[in-house]
Amino acid sequence: MHFGIILKCLSGVFVLLHGAKCDSCAGFQSNSPFGIRNHGTVALILARGGSKGIPMKNLAKLNGESILLRALRTIKNSRIFSEIWVSTDNDLIANEAKSLVGVSVHRRPGAVALDTTSSIESVQEFLLHHPSIHSIALIQCTSVFLKETYLIQAHELFQEADCVFSVTRSHKLRWKLINGKLIPVNFNLSNRPRRQDWDGDFLEAGMFYFAKRKLLDLGIFQTNSCKFVEIDPEDSLEIDKQADLELAECLLNARKVEKKNSGNFCNKK
């Protein structure tokens, strides 16, 4: 079924009125300690249960704690969000999220929790049930080195922009295969830049996307006028497969010792 039709159907079932209780909305549970609802920027994590690379990836353990709970603690400790939500279709993930005081759970329909469902579709479905929310920070718990400082910096920039997202800087020379020919993308063959001679390219880090509702309603997270937060490359790892999780554990261990000895932790077996 087309997503637009799904939203239209859902909107006829769930009508959230300000200050009113809705018996049909029992799947929307809130433990927020933040007082007045739907003011300021709301943090949102999308955490479906059907991940493929690592089954139940959002509950995968890192340093003895699920990556979901790890991200939620960082978000909460930043103290910049009026509400913290996890959108999920899975009971185990919902229970893990609710174990941290101040986190609310949005029960996502299976129709918008598929392998083919985009992040923007899931955010739009969430906003459908929360009409008073006007600013969202979509945060990826798979970016396991999320820091409070990154979130605070993004929030400050967000006060003067419609969108803010995370980037890393790359000085890699990129090529593209077009009609069987290799074409340089970001440099001139006759004038190859040295690393110190150029600022490099920005790559999306995928750690977070702050966006105003007016953009999300259009189906986009970003515009050309976005602000950005540059993430340290050492913090840019995203968990997609088991090897990423093992590398993250290695890096965490390495950070516990002096930098001069950190390389000893990450030698290949």
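Residues numbered from 1 in each chain as written. Predicted model: local features only at pLDDT ≥ 70, side-chain atom pairs only at ≥ 80, totals over all residues. Heavy atoms only, no water.

### Regarding the confidence of the model for the protein chain
The predicted coordinates of low-pLDDT regions are not to be read in fine detail. Considering every residue of the protein chain, the mean pLDDT works out to 85; 81% of them sit at 70 or more. Between residues 1-38, whose pLDDT stays under 50, and residues either more than four places distant or in other chains, the model counts 57 contacts. (pLDDT = per-residue confidence, 0-100. Contact = heavy atoms within 4.5 Å.)

### Side note on the nonpolar core
Ile45, Leu72, Ile139 and Phe208 are the most contacted members of the largest nonpolar core, which has 44 residues in total. Not counting residues within four places of it along the chain, the set of residues in contact with Ile139 comprises Ala43, Leu44, Ile45, Ile75, Phe81, Leu146, Leu151, Met207 and Phe208. (Core = buried A, V, L, I, M, F, W, Y, C linked by side-chain atoms within 4.5 Å. Buried < 20%, exposed > 50% of the residue type's maximum accessible area, 1.4 Å probe, protein only.)

### Details of the packing of helix H2 (residues 67-78) against helix H3 (residues 91-98)
A packed helix pair is summarised by two numbers, namely the angle formed by the two axes and the spacing between the axes. Following both chains from N to C, one finds H2 and H3 inclined at 35 degrees, their axes separated by 10 Å at the closest point. Between H2 and H3 lies a crossing of right-handed hand. Every residue of H3 that contacts H2 at Leu68, Leu69 and Leu72 is listed here: Ile93, Glu96 and Ala97. (Axes fitted to C-alpha atoms, helices over the stretch in contact; angles between N-to-C directions. Helix = DSSP H or I, 4+ residues; strand = E, 2+ residues; numbered from the N terminus. Left-handed = near helix turned anticlockwise from the far one by under 90°.)

### Notes on the packing of aromatic side chains
Summed over the entire model, instances satisfying the criterion amount to 8 aromatic pairs. Taking 5.5 Å as the distance between ring centres and 70 degrees as the angle between the ring planes, the aromatic pair formed by Phe158 and Phe210 counts as edge-to-face. Highlighted residues: Phe158 in helix H5 (residues 148-158) and Phe210 in strand S11 (residues 201-212), separated in sequence by 52 residues. Judged by centre distance (5.7 Å) and plane angle (85 degrees), the ring pair of Phe208 and Phe210 falls under edge-to-face. For the pair formed by Phe208 and Phe210, the shared burial category is buried. Connected via pairs of aromatic rings, a cluster forms that spans Phe81, Phe158, Phe208 and Phe210. (Phe/Tyr/Trp six-rings, centres within 6.5 Å; stacked < 30°, edge-to-face > 60°.)

### Notes on the state of the cysteines
Put plainly, two cysteines are in a disulfide when a covalent bond ties their sulfur atoms together. Counting across every chain of the model gives 1 disulfide. Note that Cys163 is cross-linked by a disulfide to Cys226, the S-S spacing being 2.0 Å. Between Cys163 and Cys226 the sulfur-sulfur dihedral comes to about -115 degrees; the bridge is accordingly left-handed. Linking Cys163 in strand S8 (residues 163-170) with Cys226 in the loop between helix H6 (213-216) and strand S12 (227-230), this pair joins segments that are 63 residues apart in sequence. Judged by relative accessible area, which is 14%, Cys226 ranks as buried. (Disulfide = S-S within 2.5 Å.)

### A short note on the side chain of Asn186
By secondary structure assignment, the location of Asn186 is in the loop between strand S10 (181-184) and S11. Exposure remark for Asn186: the relative accessible area of 16% places this residue in the buried category. There is a polar contact of 2.9 Å between the side chain of Asn186 and the backbone nitrogen of Arg174. A distance of 2.6 Å separates polar atoms of two side chains, one belonging to Asn186 and the other to Asp201. Setting aside residues no more than four positions away along its own chain, Asn186 makes contact with Lys172, Leu173, Arg174, Trp198 and Asp201. (Polar contact = N/O pair within 3.5 Å; in protein donor to acceptor, adjacent residues only side chain to side chain.)

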